[in-house]
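Take a look at the letters that make up each chain.
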Amino acid sequence: MTDIDVRDIAALRAQGSLGEFLRHTREQEAIANTQRKRLAYRHPDLVDQLRLIGQDPWNGRIPPAEWGGAINTSPIRAQLLAIVVEAEKRTSQQQAAA
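Going along each chain's sequence as written, the residues are numbered from 1 onward. Restriction of local features to residues with pLDDT of at least 70 applies here, the model being predicted, together with a cutoff of 80 or more for giving and counting side-chain atom pairs; totals for whole chains, interfaces and linings are based on all residues. No hydrogens and no water enter the side-chain calculation; it runs on all heavy atoms of the structure.

Caption draft 1: The overall build of the chain, seen in detail. Under the DSSP-based scheme used, a helix requires at least four consecutive residues in state H or I and a strand at least two consecutive residues in state E, with every element numbered from the N terminus. For the chain, the helix and strand inventory stands at four helices and two strands. A compact globule built from 98 residues should have a C-alpha radius of gyration of about 13 Å, whereas the chain, at 17 Å, is more than 25% larger. In terms of principal-axis extent, the alpha carbons of the chain reach across some 50 × 35 × 20 Å. Relative accessibility thresholds used throughout: buried, under 20% of the residue-type maximum; exposed, over 50%; partly exposed, between the two (1.4 Å probe, protein chains only). Counting all 98 residues of the chain, 22% fall into the buried class. Should any heavy atoms of two residues lie within 4.5 Å, those residues are considered in contact. For the chain, long-range pairs separated by at least 24 residues make up 43% of all intrachain contacts whose partners lie at least 6 apart in sequence. The method behind every accessible area is Shrake-Rupley, applied with a 1.4 Å probe, and residues are considered shielded solely by the protein chains displayed. Total accessible area computed for the chain in this model is approximately 7,000 Å², and 54% of it derives from carbon and sulfur atoms. The size measure is the radius of gyration over C-alpha atoms, and the globule rule it meets is 2.2 Å times the number of residues to the 0.38 power.

Caption draft 2: Representation of unusual backbone geometry. Of note, the bond from Asp56 into Pro57 is cis; its omega dihedral lies within 30 degrees of zero at 10 degrees. Mapped onto the fold, Pro57 is located in the loop between helix 3 (44–52) and strand 1 (66–67).

Caption draft 3: Up close: helix 4 (residues 75–97). Between the first and last residue of a helix there are one fewer steps than residues, each counted as 1.5 Å, and that sum is the expected span. Relative to the 33 Å expected for 23 residues at 1.5 Å per residue, helix 4 spans 33 Å between its end C-alpha atoms, a close match to the ideal helical length. Residues of helix 4 that are buried include every one of Arg77, Leu80, Ile83, Val84, Ala87, Arg90 and Thr91, and no others. Residues of helix 4 that are buried sit in contact with helix 2 (18–41) and helix 3. With a side-chain oxygen positioned 3.2 Å from the backbone nitrogen of Ile76, the residue opening helix 4 is Ser74. Polar contacts, as used here, are pairs of N or O atoms within 3.5 Å; protein pairs need one atom able to donate a hydrogen and one able to accept it. Residues neighboring in sequence count only if both atoms are side-chain atoms.

These figures come from the coordinates and say nothing about function on their own.
This is how it looks when you write it as structure tokens:
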């Protein structure tokens, strides 16, 4: 989700825009999740990595960098990020070669 604080929420609520903001944010997150999932699932070895960490099937979501005001140090998050970075790298290499 985007960086937003209590003041932003209060302003959106006062403008009557909070619901639309939340809908738009969910839509954008769903698109990003779908894109990450498609990239990773193109590569059988990355799917194997997802299985090894118990994330297959995977919806493409990466847990947030912060959780409850603390940095999210989950090893699963780190592994998901590494898988996505590798999938993106491979895709950009394939596009450059084409």
